[in-house]
Amino acid sequence: MAALARDRVVGVVGAGTMGIGIAQVAATAGHRVKLIDARAGAVDAAIAALGKSLDGLVTKGKMTQDKRDGILARLEPADAYVDFEVCDLVVEAIVEDMGIKRALLAELETVVGDSCVIGTNTSSLSISAMAKEMRAPGRLVGFHFFNPAPVMQLVEIVSGLATDPAAAQIAFDTAAAWGKAPVHATSTPGFVVNRCARPFYAEALRLIVERAADPATIDAVMRECGGFRMGPCELMDLIGHDVNFAVTNAVYDAYFKDPRYAPSALQAEMVAAGRLGRKSGRGFYDYAKGAKSPEPATEPAATLPKQAVFEGESDMFDALAERAKAGGLSVHRRPAGDRGTTILLDGVALRPTDGRTATQRAHDTGERELVLHDVALDYAAAARMAIAVADQARGEAASLATAFFQACGMKVSLIDDAPGLIVARTLAMLVNEALDAVQQGVVSAEGVDVAMTKGVNYPKGPFAWGRAVGLPNIRAILDNLARHYGEDRYRASSRLRRLVARET
Ligand code: NAD
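Residues numbered from 1 in each chain as written. Predicted model: local features only at pLDDT ≥ 70, side-chain atom pairs only at ≥ 80, totals over all residues. Heavy atoms only, no water.

**Structural notes on the pairing of strand β1 (residues 9-13)**
Strand residues, when the strand is regular, have side chains that alternate between the two faces of the sheet. Counted residue by residue, β1 has five buried out of five residues, so it is predominantly covered. Covered by surrounding structure in β1 are Val9, Gly11 and Val13 together with Val10 and Val12, the residues of both alternating faces. Sheet topology note: the β1/strand β4 (residues 87-92) ladder contains five bridges and is parallel. Paired with valine 9 across the two strands is cysteine 87, which belongs to β4. As paired elements, β1 and strand β2 (residues 33-36) share four bridges and run parallel to each other. (Buried < 20%, exposed > 50% of the residue type's maximum accessible area, 1.4 Å probe, protein only. Helix = DSSP H or I, 4+ residues; strand = E, 2+ residues; numbered from the N terminus. Pairing = 2+ DSSP bridges.)

The structure is reproduced here in structure tokens:
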């Protein structure tokens, strides 16, 4: 362990949202923390506000008075940078501006000792570029906390071209000693989370633009079928469309307009209209007092099929068969035939999506009565399922598939026949992006799962999830999306192709 010893002093520059949070984390871990801000009164105000919020915890019995007093006693307002002379680690959390951050680093380097590690909490600036004019560029490490810093576990430890591995390790081990979940990353656009999360928003935007489903339905399916804590539309409303659009543009531009990261015209339109989300009172949803939340598209109760015949074996089938039986459906199991795993419902074939539209798949296989369903995080627990019906189907296909999932205890959202439905296409793109980041050495395979579960609360890391669904299935979904749209955006990553080739 190269973690900073508890008796070493930490410096924090900037007492805004992130700075005071980072100072709280370090003081909670037992360090004395020097805190400075360019704005007069900012440090005192931030410490006073923190004191109030800790008082609240004490009142609720969630923190002892001693602990609260200890944290506040260790926070020391600094008048000038010369006070930072004693620090072995300084973290800056000032305004996101390269010129201002470089000027601060130059000033800090005139004060701190040679062994002092400097961390920057930048969300988007290149660590390599920031270090360019430093006397000792090896000491600069991205120390990227997420908001709110005392709560969110992930810290991206970002190395630029000049970062000394020993400095990155000190930052990593110190974050771990502070109870955080650090992940090593290299300085590339969006680092890990802001890059690897792009498809979460991008696929939802695309589905809305293509009129496949509305925001409330997409959110409900992503939560209740995909297991995400928040749906992409409500999350974009929370982040702010201006902020999310800016991050999308930054990553897109930094990758020289790779179509995989292309922003949506809908984002631009919403920003231009001032529909920024919660903060402006209107985004995908209306936040005005008394405004009614739109309901997700949910099918009415449908009449059960006579029986459900499961052809093939899978964990998904075991879970669904169990639930269907419990729902009063007559369930039969038999080995898979030529057409692969299928649930037959009185002549209607129900299958998981492979990235083709149901209409395309019906065309390819000659089956008219075809319904596709989405990928669920956990088929034993999912509360909702999205389905899409082939244009060639007549009559009862939609209602039989609806009744089947209703018997399983799920709500059903019938969406337009979009390739890869909602969760599956998003998941395939998340897995693909994570594999690309690993291929490029941005982060390790284990690291990307830690980052996405601890930084943005995904219910499962993209690697673990990709493996659970099967990487050949992920590749098939991407290849079919690429074929459907004819766009480079859906190209399977080099790493995914290699892993699938090795497995199959
Ligand atoms: P903020 O505006 O809340 O706080 C910034 C503080 O820095 C202000 O108090 C300001 O007075 C002070 N400051 C500005 N220039 C200074 C200077 N030259 N010297 C000393 N103090 C100066 O901003 P924030 O949201 O806390 O963000 C700080 C950094 O953290 C940025 O780099 C941002 O990109 C990054 N970040 C923000 C978030 C977030 O969700 N807010 C999350 C992760 C990272």
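**Digging into the sheet that holds strand β11 (residues 342-345)**
As summarised here, the arrangement of the seven strands in space is β10-β9-β11-β12-β13-β14-β15, forming an open sheet in which the pairing is mixed. Unpaired on one side and paired on the other, β10 (331-334) and β15 (411-414) mark the two borders of the sheet. Each adjacent strand pair in this sheet contributes to an overall mean axis angle of 25°, direction not counted. Pairing of strand β13 (residues 370-373) with strand β14 (residues 384-389), which is carried by three bridges, proceeds in the antiparallel orientation. Following the sheet pairing, valine 371 is matched in β14 by valine 389. Here helix α9 (residues 215-224) sits on the sheet and contacts β14 and β15; the angle it forms with β14, its principal contact strand, is near 125°. Against the sheet, helix α15 (residues 397-407) touches β9 (308-311), β11, β12 (348-352), β13, β14 and β15, its axis set at about 165° to β14. (Axes fitted to C-alpha atoms, helices over the stretch in contact; angles between N-to-C directions. Contact = heavy atoms within 4.5 Å.)

**Looking at helix α16 (residues 423-439)**
Under the 1.5 Å per step criterion, the end-to-end length of α16 is 24 Å for 17 residues, consistent within 8% with the ideal 24 Å. Most of α16 sits inside the fold, with 16 of its 17 residues counted as buried. Of the residues one or two after α16, glycine 441 is the one with positive phi, at around 70°. (Expected span 1.5 Å × (residues − 1).)

**Overview of the nonpolar core**
Ranked by size, the top nonpolar core spans 129 residues in total, and within it Phe84, Phe310, Leu320, Ile343, Phe404, Phe405 and Val448 carry the most contacts. By residue number, the principal contributor to this core is α16, which donates 11 residues. Look past the residues within four positions of leucine 320 in its chain and what remains in contact with it is Phe310, Ile343, Tyr379, Phe404, Phe405, Cys408 and Met410. Membership of the second largest hydrophobic core comes to 40 residues, among which are Val33, Leu50, Val117 and Ala175. (Core = buried A, V, L, I, M, F, W, Y, C linked by side-chain atoms within 4.5 Å.)

**Points about the sheet that holds strand β3 (residues 75-77)**
The strand order across the open sheet formed by eight strands is β3-β2-β1-β4-β5-β6-β7-β8, and the pairing between neighbours is mixed. The open sheet has two edge strands with one neighbour each: β3 and β8 (181-186). Strand-to-strand twist across the sheet, computed as the mean angle between neighbouring axes with direction ignored, equals 25°. Relative to the sheet, helix α6 (residues 165-177) contacts β4, β5 (117-120), β6 (140-145), β7 (154-159) and β8, its axis offset from that of β8 by approximately 155°. This element, helix α17 (residues 445-455), spans β7 and β8 of the sheet and lies at about 125° to β8.

**With respect to the site of the ligand**
Taken together, 21 residues sit near the ligand, with Met18, Asp37, Glu96, Lys101 and Ser123 positioned nearest. Asparagine 121 is positioned such that a nitrogen or oxygen atom in its side chain is 3.0 Å from an oxygen atom of the ligand. A distance of 3.2 Å separates an oxygen atom of the ligand from a polar atom in the side chain of serine 123. The fraction of the free accessible surface of the ligand (830 Å²) that becomes covered by protein chains is 74%. Counting residues per element, the ones that place at least two in the shell around the ligand are α1 (17-28), α4 (98-109) and β6. A class-by-class count of the residues in the shell around the ligand yields nine nonpolar, eight polar and four charged. (Near = heavy atom within 4 Å. Polar contact = N/O pair within 3.5 Å; in protein donor to acceptor, adjacent residues only side chain to side chain. Areas by Shrake-Rupley, 256 points an atom, 1.4 Å probe, with all protein chains shown as cover. Nonpolar A, V, L, I, M, F, W, Y, C, P; charged D, E, K, R; others polar.)

**Description of the pattern of salt bridges**
Summed over the entire model, instances satisfying the criterion amount to 34 salt bridges. Glutamate 133 is the salt-bridge partner of arginine 102, the closest N and O atoms lying 3.8 Å from each other. Separated by 31 residues along the polypeptide, arginine 102 in helix α4 and glutamate 133 in the loop between α5 (127-130) and β6 bring together distant segments of the chain. Given a relative accessible area of 58%, glutamate 133 falls into the exposed group. One network of salt bridges, with partners in common, ties together Arg195, Arg260, Glu433 and Asp436. (Salt bridge = Lys/Arg side-chain N within 4 Å of Asp/Glu carboxyl O.)

**Comments concerning α9**
Residues spaced three or four apart along an α-helix face the same direction, because each turn holds 3.6 residues. The buried count for α9 comes to eight of 10 residues, which makes it a mostly enclosed element. Inspection of α9 places Pro215, Ala216, Thr217, Ile218, Asp219, Ala220, Val221 and Met222 among the buried residues, and these make up the whole buried set. In the core, the buried residues of α9 are packed alongside α8 (198-209), α10 (232-239), β14, β15 and α16.

In short, geometric facts, not functional conclusions.
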